Amino acid sequence: MQHIVVLTGAGISQESGLQTFRGADGLWNHERIEDICTPEGFRRDPLRVDCFYNGLRAQLPGVQPNAAHHALARLEQAARQGQWLGEITIITQNIDDLHERAGSHNVIHMHGELLRLLCTHCRATPHWHTDCYPDTPCPHCGQPALRPDIVWFGEMPYHMDTIARHLAACDLFVAIGTSGIVYPAAGFVESVTDHADTMLFNLEVPQEPSAFEQIILGPATRTIPNWTR
Ligand code: BV8
């Protein structure tokens, strides 16, 4: 029984037309992380942060999952149908919904989801809708305490206990389209090298490539379908 854990980053969604963070036209080239991707930034200017994420939300209807997302979804479906004896779990740093729209079900969003909000009063995570503003009352408790359901810097990523269990149980760890800069995700590979094979699929060699046994360079829409074939 093979247990594959796949960590995806912004690079897997790049060919669908969503910007990465640190590439040539990366999101962080246009905005300061401190202003957008921290709780302090949200406290300072919630409207500016909402506007940033509404800009990303507005892109989602116009983009589609790409061949890399679909290849991972087919791998999961093949396991469900017993075509191979194993299971695949996707841990994504991404906040888009492209894995789900490609048909993947075993998806863990460790940095939250663009299409959800978080009530800082009752911790409910209602779906976002177009006329949500910082003072929109929470549909569960009525308090005007909604924020993007996104894990910002300095905040604990979601589902870390579940993630730790999957990392401990995996025998193959695959990272796709991530620069390996942001922790704790960037540290996952070191935590599995004693019991799992490791592969990185990326456009370029990342800062800390050493922990990966195999590095396959190229666009994910070519390399991932080739790998899963
Ligand atoms: C936390 C929100 C602790 C969503 C993001 C050591 C240990 C633990 C923490 C730290 C540590 N050192 C420092 C920290 C703090 C910090 C951190 O890591 N800082 C970095 C900058 C050093 N980490 C945190 O604060 C984390 N929290 O540790 O909490 C704690 C403990 C107790 C109590 C409370 C707290 C929280 C981190 C999450 C921050 N949120 N985003 C959003 O806005 O989208 S991070 C952001 O970066 C996104 O989530 C993004 O996914 C993530 C990683 O970026 P990548 O996905 O890798 O994207 P990037 O553009 O960088 O790279 C894309 C890659 O794809 C490139 O390599 C490119 O070559 C490749 N590519 C491009 N196109 C393609 C391609 N590959 C293939 N095909 C293509 N076509």
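Residues numbered from 1 in each chain as written. Predicted model: local features only at pLDDT ≥ 70, side-chain atom pairs only at ≥ 80, totals over all residues. Heavy atoms only, no water.

What to know about the site of the ligand
Here is step 1: With respect to spatial proximity, 35 residues lie near the ligand, and among them R22, H111, G154, T178 and S179 are the closest.
Here is step 2: The contact in question runs from an oxygen atom of the ligand to an N or O atom on the backbone of G154, over 2.7 Å.
Here is step 3: At 2.7 Å, a backbone N or O of Y183 approaches an oxygen atom of the ligand.
Here is step 4: In isolation the ligand exposes 1500 Å². Once the protein is present, 77% of that is buried.
Here is step 5: Of the residues assigned to the shell around the ligand, the class counts are 18 nonpolar, 13 polar and four charged.
Here is step 6: Two domains each put at least three residues into the shell around the ligand: domain 1 (1–17 + 65–111 + 157–229) and domain 2 (19–62 + 113–150). (Near = heavy atom within 4 Å. Polar contact = N/O pair within 3.5 Å; in protein donor to acceptor, adjacent residues only side chain to side chain. Areas by Shrake-Rupley, 256 points an atom, 1.4 Å probe, with all protein chains shown as cover. Nonpolar A, V, L, I, M, F, W, Y, C, P; charged D, E, K, R; others polar. Domains from an automatic or database assignment.)

As for the UniProt feature "binding site: NAD(+)" (unreviewed entry) in the chain
Here is step 1: According to UniProt, the positions carrying the feature "binding site: NAD(+)" (unreviewed entry) are Q93, N94, I95, D96, G177, T178, S179 and A220. In the annotated group above, the largest cavity draws its lining from Q93, T178 and S179.
Here is step 2: Structurally, Q93 is set in the loop between β2 (86–92) and α6 (98–102).
Here is step 3: The exposure class assigned to Q93 is buried, which follows from its relative accessible area of 12%.
Here is step 4: Ignoring anything within four residues of it in the chain, the contact list for Q93 reads L7, T8, G9, M110, H111, T178, V182 and A185.
Here is step 5: With respect to the helices, strands and loops of the structure, D96 is situated in the loop between β2 and α6.
Here is step 6: With relative accessibility at 8%, the residue D96 sits in the buried group.
Here is step 7: Among residues more than four places away in sequence, those in contact with D96 are S13, L18, L60 and H109. (UniProt positions renumbered as here; feature names shortened; annotations may be inferred. 1 Å grid on protein atoms, 1.4 Å probe; cavity = no way out; pocket = protein on both sides within 12 Å on 5 of 7 lines; lining within 4 Å. Helix = DSSP H or I, 4+ residues; strand = E, 2+ residues; numbered from the N terminus. Buried < 20%, exposed > 50% of the residue type's maximum accessible area, 1.4 Å probe, protein only. Contact = heavy atoms within 4.5 Å.)

Considerations on the confidence of the model for the chain
Here is step 1: Per-residue confidence for the chain averages 94 on the pLDDT scale, and 100% of its residues sit at or above 70.
Here is step 2: Interface scoring of the predicted complex returns ipTM 0.94; its pTM is 0.96. (pLDDT = per-residue confidence, 0-100.)

A few points about the nonpolar core
Here is step 1: With 20 residues, the main nonpolar core has I4, V6, L72, V174, I176 and I224 as its most contacted residues.
Here is step 2: Contributing elements (two or more residues each) for this core: β1 (2–8), α5 (67–80), β2, β6 (172–176), β7 (197–202) and α9 (220–228).
Here is step 3: Sort the elements by how many residues they give to this core and α5 lands first, with six residues.
Here is step 4: The contacts of I176, once residues within four sequence positions are left out, are V6, L7, T8, G9, I12, L72, F201, A220 and I224.
Here is step 5: Residues L7, C170, A185 and A196 belong to the second largest nonpolar core, which totals 18 residues. (Core = buried A, V, L, I, M, F, W, Y, C linked by side-chain atoms within 4.5 Å.)

Some details on the pairing of β6
Here is step 1: Within β6, five of the five residues are buried, which leaves it mostly tucked inside the rest of the structure.
Here is step 2: A two-sided burial pattern is seen for β6, the buried positions comprising L172, V174 and I176 on one face and F173 and A175 on the other.
Here is step 3: Summarising the sheet, β6 and β7 pair through five bridges and their orientation is parallel. Considered in β7, the bridge of F173 is made with T198. (Pairing = 2+ DSSP bridges.)

Quick notes on the packing of aromatic side chains
Here is step 1: According to the stated counting rule, one finds five aromatic pairs in the structure shown.
Here is step 2: Here the aromatic rings of F52 and Y53 are separated by 4.9 Å at their centres, their planes lie at 85°, and the arrangement is edge-to-face. Judged on exposure class, the residue F52 and its partner Y53 are both buried.
Here is step 3: A ring pair is formed by F173 and F212, whose centres lie 6.4 Å apart and whose planes are at 20°; its orientation type is stacked. A residue pair is termed long-range when its members are at least 10 positions apart, and F173 in strand β6 and F212 in the loop between β7 and β8 (214–217) qualify at 39 residues.
Here is step 4: The buried category is assigned to F173, whose relative accessible area is 1%.
Here is step 5: In this structure F212 comes out as buried when scored by relative accessible area, which is 12%. (Phe/Tyr/Trp six-rings, centres within 6.5 Å; stacked < 30°, edge-to-face > 60°.)

Observations regarding the UniProt feature "binding site: Zn(2+)" (unreviewed entry) in the chain
Here is step 1: Taken from the UniProt record, the annotation "binding site: Zn(2+)" (unreviewed entry) applies to C119, C122, C138 and C141. For the annotated residues, spread through 23 residues, the largest C-alpha to C-alpha distance comes to 8.6 Å, consistent with a single compact locus.
Here is step 2: The topology assignment puts C122 in the loop between β4 (112–119) and β5 (146–150).
Here is step 3: A relative accessible area of 33% means that C122 is categorised as partly exposed.
Here is step 4: Examined against the element boundaries, C141 turns out to sit in the loop between β4 and β5.
Here is step 5: Assessed through its relative accessible area of 28%, C141 is described here as partly exposed.

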